[in-house]
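# Reading the structure
Residue-level listing of the chains:
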Amino acid sequence: KFSFYKQWYQRRVRASKHLYNEGCLNYLEKDYAVTTSLLIVYHNELAVLLIRTLTTVIHRTLPKYLKEIILIDDGSTINITAEVYDYVRKHQMPVKFLRNERQLGIAGSRLRGIKSASGEVIAILDSHMEVSDLWLEPLLHIITTHPNSIASPIIHMIHETHYKQYGHHHPDLYTVQPQKGVGIITMHPYTDPANSTRQPWEPYPSAAVLGGGLVAFKSTLLEYYPTSLQGNSWGVENTRLSYRVWMCAGGAWINPCSQVLHPNGNDWNLDRYFHDDSADLYVKLIYESVAELINYAEIDLQKDQLISKTTNDEDKQKLIWDMSDEILASFDPEKRKCNDYTWYARKLMPNFFTYEPDQFEYVGTIQSVFNSKMCLEIFENRVASYFCRETFPSINDNHLHGFTRNGNVRNGYNNNMCWDSASQVPQTEVQMFNCHVKSPTEGQSGDSQQFEYAEKTQQIRHKPTERCLEYVGKGSKVWLVECSTYKREQRWKLNIAPWFYER
């Protein structure tokens, strides 16, 4: 398990290559007039790794900012305190050792450290990292500029075989799209538009920050840092914290001038936190993040969408609702007058939309009038017909279709894909391609993606070719053919989703 680490620590701590832009040096010119407590939680960590982390922090942080180092041993079964203490003492750095007699998990341990800190600012790092020169000042700039915010560095990865720095690890936001079977969507940080005036050394907003490295005022963390519902586990506290500071405070920001290194973008400590029930616990952590998020949804429709995108299992949906109530008891966004989920999503996700009437004309299933047992679905990236669901499909089902107000037809399984037909042959299939426009309300889609539903004739017409969708009856195929109001094969019934008009 530790073979990578054993070889890594034997290598010399690499020189700090700096940076993206000379403009980063501007952060050195300001005196931020704050003191910082560095907080590191570890569990059965190798002493050499923790010492490596401390080496880079001590040598690459200005002494005027670093007031103390707080090390929290979260119930380890191996004792490295003496070895680490000897190292820190040699560097005359104030250090505070705390030990949890029983394992509290990463969130509980960090909260203990936050409460015991004497610095005005808390810097949180994983126990196996390297920081670069000038890693702290850009983050202090963010939190002194944006009150009640949290700041995060760029986290670079160290390759597991050649140990070189490569790429950087983006935050993962655990929310609403099915992936890996547990409802994860990987959300990259906010990207500026092409005409952005942001300079390369300036911070940018991020929908979420990684838990391995963040900086905030102690008062901010005391107010917004969440407690885990899963006891002594690791995970999602960074996501839940990001939700809270965005919708209730000053937001989460990344400064490209602050950079740290983390082995391979992964935390090998996870096996030590997950123990034997890792699969079940991992899913519950995802549910916990969704449970936090739905407390900010303003209408039940959004809550149902978020939960349905995560799981179709009724028992698991109930578990998310129960988690939501438990979180709400200690942190109520309405009482705190926080912004809602739609505000958050539209501010930080340019492609965000929900199935609401201001964006869609119809949302529901599409049933053949010629053969009422058959409904439209997406199969192998094309529009096809299949036996209708016995119950109304969930939000993320491939039987759910939405006619947008700009002429697209999007599918529930992947709502960034649109019906499309570029062929001019007499009969052709309808394929699924990336939507030409990102928002269901802004601008017009490309001609090949323009469809409309005629309520009077019950036909679905492809506007550029004036052809209509027809049920073929052979296998699952449907075709675009010449329109005819006399053919029942071209008639389709829209079964509107029961929640569509709810506000």
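To be clear, the structure that these remarks concern was listed above.
One structure accompanies this document, and this report is about it. (Residues numbered from 1 in each chain as written. Predicted model: local features only at pLDDT ≥ 70, side-chain atom pairs only at ≥ 80, totals over all residues. Heavy atoms only, no water.)

### Observations regarding the overall build of the protein chain
Just so we agree on the cut-off: The helix count covers DSSP runs of H or I at least four residues long, the strand count covers runs of E at least two residues long, and both are numbered beginning at the N terminus. Each residue gets one of three labels from its accessible area relative to the maximum for its type: buried under 20%, exposed over 50%, partly exposed in between, using a 1.4 Å probe on protein chains only. Residues are treated as being in contact if the distance between any of their heavy atoms lies within 4.5 Å. Values of accessible area rely on a 1.4 Å probe in the Shrake-Rupley scheme; residue burial ignores everything except the protein chains shown.
For the protein chain, the helix and strand inventory stands at 12 helices and 22 strands. When burial is assessed residue by residue, the protein chain has 58% of its 503 residues classed as buried. Contacts in the protein chain between residues at least 24 apart in sequence constitute 73% of all its contacts with a sequence separation of at least 6. Entry remark: accessible area of the protein chain is about 22100 Å², with carbon and sulfur atoms responsible for 48%.

### Comments concerning the nonpolar core
Under the convention used in this document: Residues grouped as a nonpolar core are buried Ala, Val, Leu, Ile, Met, Phe, Trp, Tyr and Cys residues, joined through side-chain atoms within 4.5 Å.
In this structure, Leu38, Leu54, Leu140 and Leu221 are the most contacted members of the largest nonpolar core, which totals 87 residues. Sequence-distant contacts of Leu140, defined by excluding residues within four places in its chain, comprise Tyr32, Val34, Thr36, Tyr65, Val121 and Val215. Counting 21 residues, the second largest nonpolar core, distinct from the first, contains Met374, Met417, Leu469 and Trp492.

### Structural notes on the environment of Lys64
Relative to the helices and strands, Lys64 resides in the loop between α2 (47-59) and β2 (66-74). It is 8.7 Å that separates the C-alpha atoms of Lys64 and Ala33, two residues lying 31 residues apart in sequence. In this structure Lys64 touches Asp31 and Val34, once residues within four positions along its chain are discounted.

### Let's talk about a nonpolar patch on the surface
Rules: Grouping into patches uses exposed residues only, defined as over 30% relative accessible area, and leaves out salt-bridged ones; the cut-off is 9 Å for like charges and 5 Å for nonpolar side chains (Val, Leu, Ile, Met, Phe, Trp, Tyr). Each salt bridge in this description consists of a side-chain nitrogen of Lys or Arg and a carboxyl oxygen of Asp or Glu lying within 4 Å of one another.
A grouping of Leu25, Leu28 and Leu62 is seen on the molecular surface, where their side chains present a nonpolar patch of about 250 Å² in accessible area. Tracing the backbone through its elements, the reader meets Leu28 in the loop between α1 (3-10) and β1 (36-42).

### Some remarks on the sheet that holds strand β21 (residues 478-482)
Counted only if it meets this: When DSSP locates at least two bridges between a pair of strands, those strands are taken to pair. Only the stretch in contact is used when fitting a helix axis, every axis being a line fitted to C-alpha atoms; angles between N-to-C directions are given from 0 to 180 degrees.
Spatial ordering of the open sheet is given by β18-β19-β20-β21, a layout of 4 strands whose pairing is antiparallel. In this open sheet, the two edge strands, each paired with only one partner strand, are β18 (451-454) and β21. The mean angle between the axes of side-by-side strands here comes to 40°, regardless of whether they run parallel or antiparallel. Bridge count for β18 against strand β19 (residues 459-462) is 4 bridges, and the pairing is antiparallel. Residue pairing for β19: Tyr453 is matched across the bridge by Ile460.

### Some remarks on unusual backbone geometry
Residues other than glycine seldom take positive phi values, yet Asn148 does so here, at roughly 55°. With respect to the helices, strands and loops of the structure, Asn148 is situated in the loop between α5 (137-145) and β6 (150-158). Judged by its relative accessible area of 34%, Asn148 falls in the partly exposed class. Backbone geometry at Lys337 places phi at a positive 60°, although glycine is not the residue there. Among the secondary structure elements, Lys337 is positioned in the loop between α11 (314-330) and α12 (341-348).

### Observations regarding the pattern of salt bridges
Enumeration over the complete set of coordinates arrives at 18 salt bridges. Residues Arg110 and Asp126 are paired through a salt bridge, measuring 3.4 Å at the closest nitrogen-oxygen approach. Here the residue Arg110 occupies a position in helix α4 (residues 105-116), and Asp126 occupies one in the loop between β4 (121-125) and β5 (130-131), the gap between them amounting to 16 residues. Across the pair, Asp126 and Arg110 agree in class, each one buried.

### A short note on the packing of α2 against helix α3 (residues 81-90)
Rules: Angular relationships are summarised with four words: roughly parallel below 35 degrees, roughly antiparallel beyond 145, roughly perpendicular across 65 to 115, and oblique for the angles in between. In a left-handed crossing the near helix is turned counterclockwise from the far helix by less than a right angle, and in a right-handed crossing that turn is clockwise. Following the grouping adopted for this structure description, the nonpolar residues are Ala, Val, Leu, Ile, Met, Phe, Trp, Tyr, Cys and Pro, the charged ones are Asp, Glu, Lys and Arg, and the polar ones are all others, Gly among them.
Where α2 contacts α3, the axes come no closer than 10 Å and their chain directions differ by 20°. The orientation of α2 relative to α3 falls into the category roughly parallel. As for the relative orientation of α2 and α3, their crossing is right-handed in sense. Residues Ala47, Leu50, Ile51, Leu54, Thr55, Ile58 and His59 of α2 form the contact with α3, whose own contacting residues are Glu83, Val84, Tyr87 and Val88. Residue composition of the contact of α2 with α3, grouped by class: 8 nonpolar, 2 polar and 1 charged.

### Examining the state of the cysteines
The line we're drawing: When two cysteine sulfur atoms are found within 2.5 Å, that pair is recorded as a disulfide.
By the definition in use, this model includes 5 disulfides. Bridging Cys375 to Cys388, the disulfide has an S-S length of 2.0 Å. On the sign convention where negative is left-handed, the bridge of Cys375 and Cys388, at about 95° about the S-S bond, is right-handed. Highlighted residues: Cys375 in strand β12 (residues 374-379) and Cys388 in the loop between β13 (382-387) and β14 (401-404), separated in sequence by 13 residues. Disulfide pairing places Cys468 opposite Cys483 at an S-S distance of 1.9 Å. Linking Cys468 and Cys483, the disulfide has an S-S dihedral of approximately 95° and is accordingly described as right-handed. With Cys468 in strand β20 (residues 467-471) and Cys483 in the loop between β21 and β22 (492-496), this residue pair connects regions lying 15 residues apart in the sequence. Overall, the relative accessible area of 25% leaves Cys483 in the partly exposed class. Once the disulfide-bonded cysteines of the protein chain are ranked by sequence position, their pairing pattern turns out to be 1-3, 2-4, 5-6, 7-8, 9-10.

### Let's talk about the pairing of β1
Along a regular strand, successive side chains alternate from one face of the sheet to the other. Counted only if it meets this: Crossovers are described as right-handed under a simple rule: with the strands pointing away from the observer, the path leading from the first strand over the helix to the second runs clockwise.
The element β1 is largely enclosed, with a buried count of 7 among its 7 residues. Two elements, β1 and β4, share 5 bridges in a ladder whose sense is parallel. Bridging across to β4, Ser37 finds its partner in Ile122. Two elements, β1 and β2, share 7 bridges in a ladder whose sense is parallel. Within β2, the residue paired with Leu38 across the bridge is Ile69. Handedness of the crossover joining β1 and β2 through α2: right-handed.

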